[in-house]
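Examining the three-dimensional arrangement
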Amino acid sequence: MTVRTRFAPSPTGMLHIGGVRTALFCWLYARRHGGAFILRIEDTDRERSTPEAVNAILEGMQWLGLDHDEGPFYQTQRMDRYGEVIQQFLREGKAYHCYCSKEELDEMRAGQTARKEKPRYDGRCRQRKDPVPGVNPVVRFLNPDAGSVVVNDVVHGPITFDSGELDDLIIARSDGTPTYNFCVVVDDYDMKITHVIRGDDHINNTPRQINMLRALGVAPPLYAHVPMILGPDGAKLSKRHGAVSALQYRDDGFLPEGLLNYLGRLGWSHGDQEIFSLEEMTRLFDIDDVNKGASALNIDKMLWTNQQHIMRATPERLAQYLLPQLAALGIETEDLAKVAAVARAQQERARTLKEMAQNSVFFFRDVTTYDEKAAKKNLTAEAAPLLQSVRDRMAALGDWQATKLHELVQAVAAESGAGLGKVAQPIRVAVSGGSVSPPIDVTLEILGRDTTLQRLDRAIAACAA
RNA sequence: GCUCCCAUCGUCUAGAGGCCCAGGACACAGCCCUCUCAAGGCUGGUACGAGGGUUCGAAUCCCUCUGGGAGCGCCA
């Protein structure tokens, strides 16, 4: 049996972190087993579905590299097929028309609630023979009254539901359009899905879906209900923290593999290993290693994970992501080699590409002001002669290379009797404007001789002032 | 209210009866390295929700409780 998984978001909002992780698990499982990953857009709710949301899903999946083998399929384009199955159910006596009005239903539920019962449809239209004039009926699925349904969940183990708990759910609205639980069943069947991997908020829908699958005469797929993701405070994900679009993480400077690694480690693990390449995760992932309990987002660890991936990425690849981050700061450059060099110099001191860009502005833009504290401490009368000496020697330096620059700075420090820091730090302030930068030799090499000399001159002048 | 799910450091987790007076990671503190910031190394503190069983022995199995979550729509 070839594995076929699907990710089936509804385009009613953004693609958030929880959806991304579900998609990742589906994708990983399919890839691991050489199966197919199918993308399906569940847009039957025409009121709330938007083309923007569809695009955000597609774009997010593409950015993350979670490529699908089939689809995207849109439920709104499969209406004929749903209608066909509804007619079949009706014909076979597996579904029936219900003429109950909204008021009648409300009243029934109010009574049940008052009696402390679970609100559910009581099947009063099951026996009805004649249509009610002037009422467009809904179609309800006829659920078995007796027995039980057991969901053999891959992560939870067997879960048993008493059939009495399940009522006759509506599969077609009075306007004829099919509803969610029904569409899922038809789709999963038609698309030959073997493993339904989804959030565990769907556990309670599963027995109903299994009953419909049985009515269709087919064996249900394997189900794997993965735990939900909570906000950093342990409460439900809200807009305040994680429930932002996946694309927001891209804009915030996350690497796809960084985000995916963090999300993958939420609810899944492989011994003590924390950092996984996508290839490793694909090789190691197994759905029954997934935890049962919900897990809370931890932004610090997410940032740390991303940093680990930045450190492992090639400078060239980083440059590609750094470019738009620089552009966001108003820095347009064509010099890819320089951007890559900056990325290499910065890659172990940035948790996100955005942070890297922010800390690298001085590589691309003139230093016109100094950080006040840094200048006060380093651009002093005492530092002036050291900077002058450095400046003169640099002007005369043969090869403008980090190793040579390092020797030069070291020589000045040795001759002056001051520590290396006494020399390096003023240079750092001079060329970067602040007190933090990559190692000074590497920094100067990237900056080049002209820029360096010019910034040193300016700093020497500032020392006198 | 009813049904279902879940429960190890603050957080993510390892742990499938003895290897655990519980291991790793993030965060935090201290130290080392060091031209800054990082990265890296070392050290430290903090957890098996509670109560009952089963067993020679339980974080691991069973029961009850407590706490959290989800579902109960002509939403998905």
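Residues numbered from 1 in each chain as written. Chains lettered and ligands numbered in written order. Predicted model: local features only at pLDDT ≥ 70, side-chain atom pairs only at ≥ 80, totals over all residues. Heavy atoms only, no water.

The secondary structure content of chain A amounts to 20 helices and twelve strands. For the C-alpha atoms alone, the extent of chain A along its principal axes is close to 105 × 45 × 40 Å. The proportion of buried residues among the 465 residues of chain A is 51%. Taking all contacts inside chain A whose residues are at least 6 apart in sequence as the whole, residues at least 24 apart take part in 76%. Between the mean site of the 55 positive side-chain charges and the mean site of the 61 negative ones, chain A shows a separation of 3 Å. (Helix = DSSP H or I, 4+ residues; strand = E, 2+ residues; numbered from the N terminus. Buried < 20%, exposed > 50% of the residue type's maximum accessible area, 1.4 Å probe, protein only. Contact = heavy atoms within 4.5 Å. Lys, Arg positive; Asp, Glu negative; His and termini not counted. Charge placed at Lys NZ, Arg CZ, Asp CG, Glu CD.)

Attention now goes to the sheet that holds strand β5 (residues 138-141). With antiparallel pairing, the three strands of this open sheet are ordered in space as β4-β5-β8. The open sheet has two free edges, formed respectively by β4 (95-98) and β8 (170-172), since each of these has just one partner strand. Neighbouring strand axes in the sheet, compared pairwise and without regard to direction, differ in orientation by 45° on average. Contacts from helix α3 (residues 79-91) reach β4, β5 and β8 within the one sheet, and its direction differs from that of β4 by about 95°. (Pairing = 2+ DSSP bridges. Axes fitted to C-alpha atoms, helices over the stretch in contact; angles between N-to-C directions.)

Before going further, it helps to spend a moment on unusual backbone geometry. Cis peptide bonds are those with omega within 30 degrees of zero, and the linkage from G71 to P72 qualifies with 5°. Locating P72 in the fold gives a position in strand β3 (residues 70-74). The backbone of K192 sits at a positive phi, close to 55°, despite the residue not being glycine. Inspection of the secondary structure assignment puts K192 in the loop between α5 (180-190) and β9 (195-199).

Around RNA strand B sit 60 residues in total, of which K116, R173, G267, E348 and R349 are the nearest. Backbone atoms, meaning sugar and phosphate, form 67% of the atoms of RNA strand B found within 4 Å of the protein. Interatomic distance of 2.9 Å between a side-chain N/O atom of S10 and a sugar or linking oxygen of RNA strand B. Side-chain polar atom of D272 to a base nitrogen of RNA strand B: 3.2 Å apart, as the coordinates give it. (Near = heavy atom within 4 Å. Polar contact = N/O pair within 3.5 Å; in protein donor to acceptor, adjacent residues only side chain to side chain.)

Within the secondary structure layout, D252 lies in the loop between α7 (246-251) and α8 (256-264). Those residues in contact with D252 that lie beyond four places of it in its chain are Q325, T352 and K354.

Within the secondary structure, H68 sits in the loop between α2 (51-64) and β3. Separated by 103 residues in the primary sequence, H68 and I171 place their C-alpha atoms 29 Å from one another.

Before going further, it helps to examine the pairing of β9. Among the five residues that make up β9, five are buried, leaving the element largely enclosed by the rest of the structure. Looking at chain direction, β9 and strand β10 (residues 222-226) are connected through five bridges and run parallel. Bridged to G199 within β10 is V226. The handedness of the β9 to β10 crossover, carried by helix α6 (residues 206-215), is right-handed. (Right-handed = clockwise from strand over helix to strand, strands pointing away.)

Right, let's get into the packing of α8 against helix α10 (residues 299-312). At a minimum axis distance of 8 Å, the contact between α8 and α10 shows a crossing angle of 135°. Taken together, the axis directions place α8 and α10 in an arrangement best described as oblique. By crossing handedness, the relation of α8 to α10 is classed as right-handed. Taking contact as the criterion, the partners of E257, G258, L259, N261 and Y262 in α8 are, on α10, K301, M302, T305, N306 and H309. Of the residues contributing to the contact of α8 with α10, the split by class is three nonpolar, five polar and two charged. (Parallel < 35°, antiparallel > 145°, perpendicular 65-115°, else oblique. Left-handed = near helix turned anticlockwise from the far one by under 90°. Nonpolar A, V, L, I, M, F, W, Y, C, P; charged D, E, K, R; others polar.)

Let us now look at the pattern of salt bridges. Under the criterion given, the structure shown has 31 salt bridges. Here D188 and R40 are joined by a salt bridge, their closest N and O atoms 2.9 Å apart. Pair noted here: D188 is in helix α5 and R40 is in strand β2 (residues 36-41), with a separation of 148 residues, a long-range link. For D188, a relative accessible area of 6% translates into the label buried. Judged by its relative accessible area of 0%, R40 falls in the buried class. (Salt bridge = Lys/Arg side-chain N within 4 Å of Asp/Glu carboxyl O.)

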